[in-house]
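Next come the chains, spelled out residue by residue.
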Amino acid sequence: FGIYSGGASIGATTVGNDNDYNVITGNTLTRLRYGIVTVGGSATNPNLDTKITNNIVGPASYGIDQLNRAGILASNEENLIITGNEVRFMSNRMVDVSTSNDIVGIGLSSDASWTASTTFMKNATVANNVIHDLANERTYSTVGILLAGVNGSIATSNTVSNNMIYNVLSNGTAGDQLVGIGIA
């Protein structure tokens, strides 16, 4: 993890209460599995008003400094803003790694699942980000932006707008997806 905001045990799904009003901005992150991860406590105690802005997540080209799981991952959040970030050169290319997993540029409530999660997400804004050069040659999914969060039976009111996604590649097998923007 490049930047992690969650529970006492570090993990992509380890919940953490009251990590409210955090601002993560102006960072450059390379050579990681996950770039930025923020995980709130629950639907009744989500992180409030987290802002992830103007970060560079990934190196300037493929190679040993690339990420290979998720650029930005957020769960259990209300009023999350992810804007002005560049997520780039994430890979599970044949020449780079011997094992693989799904790749997600920006994931709301999931870094892999194509079914709606039970993880809370409400009023999130994902805007004006550039996501490019995500390559998965080892039979798994690759997604630019994935929205998988829920708000019970009520609309999540999440907004995804004005993002640029290009050079997203996948050699997925049955059940895997290659998607620019996916809504589970």
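Chains are numbered independently. Their residues run from 1 in the order of the written sequence. Where local features are concerned, this predicted model is filtered to residues with pLDDT of at least 70; where side-chain atom pairs are given and counted, the filter is 80 or more; whole-chain, interface and lining totals use all residues. Neither water nor hydrogens contribute to the side-chain values; these are computed over all heavy atoms in the structure.

Enquirer: I would appreciate a short explanation of the environment of Ile131 in the present structure.
Expert: Examined against the element boundaries, Ile131 turns out to sit in strand S15 (residues 130-136). Judged by relative accessible area, which is 0%, Ile131 ranks as buried. Placed 33 residues apart in sequence, Ile131 and Met164 show a C-alpha to C-alpha distance of 6.2 Å. Contacts are assigned to residue pairs with any non-hydrogen atoms lying within 4.5 Å of each other. In this view, Ile131 contacts Val87, Gly105, Ile106, Gly144, Ile145, Met164, Ile165 and Tyr166; residues no more than four positions away in its chain are not counted. Starting at the N terminus, helices and strands are each numbered in turn, a helix being any DSSP run of H or I of at least four residues and a strand any DSSP run of E of at least two. Buried residues are those whose accessible area, probed at 1.4 Å on protein chains only, stays under 20% of the maximum for their type, while exposed residues exceed 50% and partly exposed ones sit between those limits.

Enquirer: Is there a simple way to explain the nonpolar core in this structure?
Expert: Core analysis: the largest hydrophobic core is formed by 25 residues, its most contacted members being Ile36, Ile72, Leu80, Ile82, Ile106 and Leu108. Mapped by element, the contributors of at least two residues to this core are strand S8 (70-75), strand S11 (86-92), strand S12 (103-108), S15 and strand S16 (142-147). Contact partners of Ile72, with chain neighbours within four places excluded, come to Ile36, Ile52, Val57, Ile82, Asn85, Val87, Gly105, Ile106 and Gly107. In this structure, Tyr34, Val39, Ala70 and Leu73 belong to the second largest nonpolar core, which totals 6 residues. The definition of a nonpolar core used throughout is a set of buried Ala, Val, Leu, Ile, Met, Phe, Trp, Tyr and Cys residues joined through side-chain atoms within 4.5 Å.

Enquirer: What should I look at first to understand unusual backbone geometry in this one?
Expert: Peptide bonds are mostly trans, and most non-glycine residues show a negative phi. For Asn76, which is not a glycine, the phi torsion comes out positive at approximately 55°. Along the chain, the position of Asn76 falls in the loop between S8 and strand S9 (77-78). Judged by its relative accessible area of 7%, Asn76 is buried. In this model, Asn162 sits at a positive phi of 55°, which is unusual for a non-glycine residue. Mapping Asn162 onto the fold places it in the loop between strand S17 (159-161) and strand S18 (164-170).

Enquirer: Just checking my understanding: could you explain the pairing of S16 for this structure?
Expert: The side chains of a regular strand alternate between both faces of the sheet. Counting buried positions along S16 gives 6 out of 6 residues, so the element sits mostly inside the fold. Sheet topology note: the S12/S16 ladder contains 5 bridges and is parallel. Counted as the bridge partner of Val104 is Val143 from S16. In this analysis, strands are considered paired if DSSP registers two or more bridges between them.

Geometry only, nothing functional implied.
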